[in-house]
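# What the coordinates show
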Amino acid sequence: STSSTRRPETEEHDEGSQSTSKRARVDYSDFSSFPSVEEVYCICPADVSTGGPEALHQLCDQINGLKTSISAYMLYVNTGRNGVRFAHRAQKLECYDVYNAPTSGKNPLLDPEETTLLIWPECWTNEMLDFLSDASPKAAQCAIWWLSVNNNTGRFKDWRRNDILHLYQSEYARQHLAKNG
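What comes next is a walk through the structure. Here, residues in each chain are numbered from 1, in the same order as that chain's written sequence. For a predicted model such as this one, the threshold for reporting local features is a pLDDT of at least 70, and the threshold for listing and counting side-chain atom pairs is 80 or more; totals across whole chains, interfaces and linings nevertheless cover every residue. Water and hydrogen atoms were dropped before computing side-chain values, which therefore reflect all heavy atoms in the structure.

Another point: the nonpolar core. Ranked by internal contacts, the top residues of the largest apolar core, which has 26 residues, are Val40, Cys42, Met74, Ile119 and Trp145. Every helix listed is a DSSP run of H or I at least four residues long, and every strand listed is a run of E at least two residues long, numbered separately from the N terminus. Contributing elements (two or more residues each) for this core: strand S1 (39-45), helix H1 (51-65), strand S2 (71-80), strand S4 (116-121), strand S5 (141-146) and strand S6 (164-168). The dominant element in this core, judged by the number of residues it contributes, is H1, at 5 residues. The contact rule is simple, with two residues in contact once any of their heavy atoms fall within 4.5 Å. Apart from residues lying up to four places away in sequence, Ile119 is in contact with Val40, Tyr41, Cys42, Ile43, Leu59, Ile63, Ala143, Trp145 and Leu167. Each nonpolar core is a collection of buried residues, namely Ala, Val, Leu, Ile, Met, Phe, Trp, Tyr and Cys, held together in the definition by side-chain atoms within 4.5 Å. Three exposure classes are used, based on accessible area relative to the maximum for each residue type with a 1.4 Å probe and protein chains only: buried under 20%, partly exposed in between, and exposed over 50%.

Written as structure tokens, this is what we have:
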């Protein structure tokens, strides 16, 4: 289902069951107010093997499995005092080889295009806002991938922004977004 607040549902339910699949599903039917997307970059910490990065690899895999011309890539980055930096030598960890989630060979953070969608994990919303404030007029589109919500620790507060997509994977995250949006 699609909500009117541009927060596409990203979980699969078995009818009559309370269980939720661990594989991500993206509903693109409510992206109409955003320019067409040609490339998606799932921004992920380099060399990290935890649930959040795995969910980003699953999302990338699912986007690449759609019957569209959209291509999705993993954009591995490092964070520090100087913000987010492209980890140009980072490679996909072996544990993620089961996913169709190719590593990006280019850095869309340096030269963002309007047809690019950057999906930021919920823990890096401040970095995303810094990117948006520094970006050129033809900046990439941005989305937040809400997983547990708790990893954001209340950092994102600008719920009225209409230039950010909010994507979620769980009912818990959906409820959080509905309460705040």
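Right, picking up where we left off after that structure.
Cysteine sulfur atoms that pair up within 2.5 Å are treated as a disulfide. With the rule as written, the count across this model stands at 0 disulfides. The structure places no disulfide on Cys44, whose sulfur is separated from the nearest cysteine sulfur, that of Cys42, by 8.4 Å. Accessibility expressed as a relative area gives 0% for Cys44, which makes it buried.

Further remarks concern the packing of aromatic side chains. What counts as a ring pair is set by centres within 6.5 Å for rings of Phe, Tyr and Trp (its six-membered ring), and what kind of pair is set by the plane angle: stacked under 30 degrees, edge-to-face over 60, tilted for all other angles. Under the definition given, this model contains 5 aromatic pairs. Seen from their ring centres, Trp146 and Trp159 are 5.6 Å apart, and the 25 degrees between their planes marks the pair as stacked. Pair noted here: Trp146 is in strand S5 and Trp159 is in the loop between S5 and S6, with a separation of 13 residues, a long-range link. Comparing Trp146 with Trp159 shows no difference in burial state: the two are buried.

These values are about where atoms sit, not about what they do.
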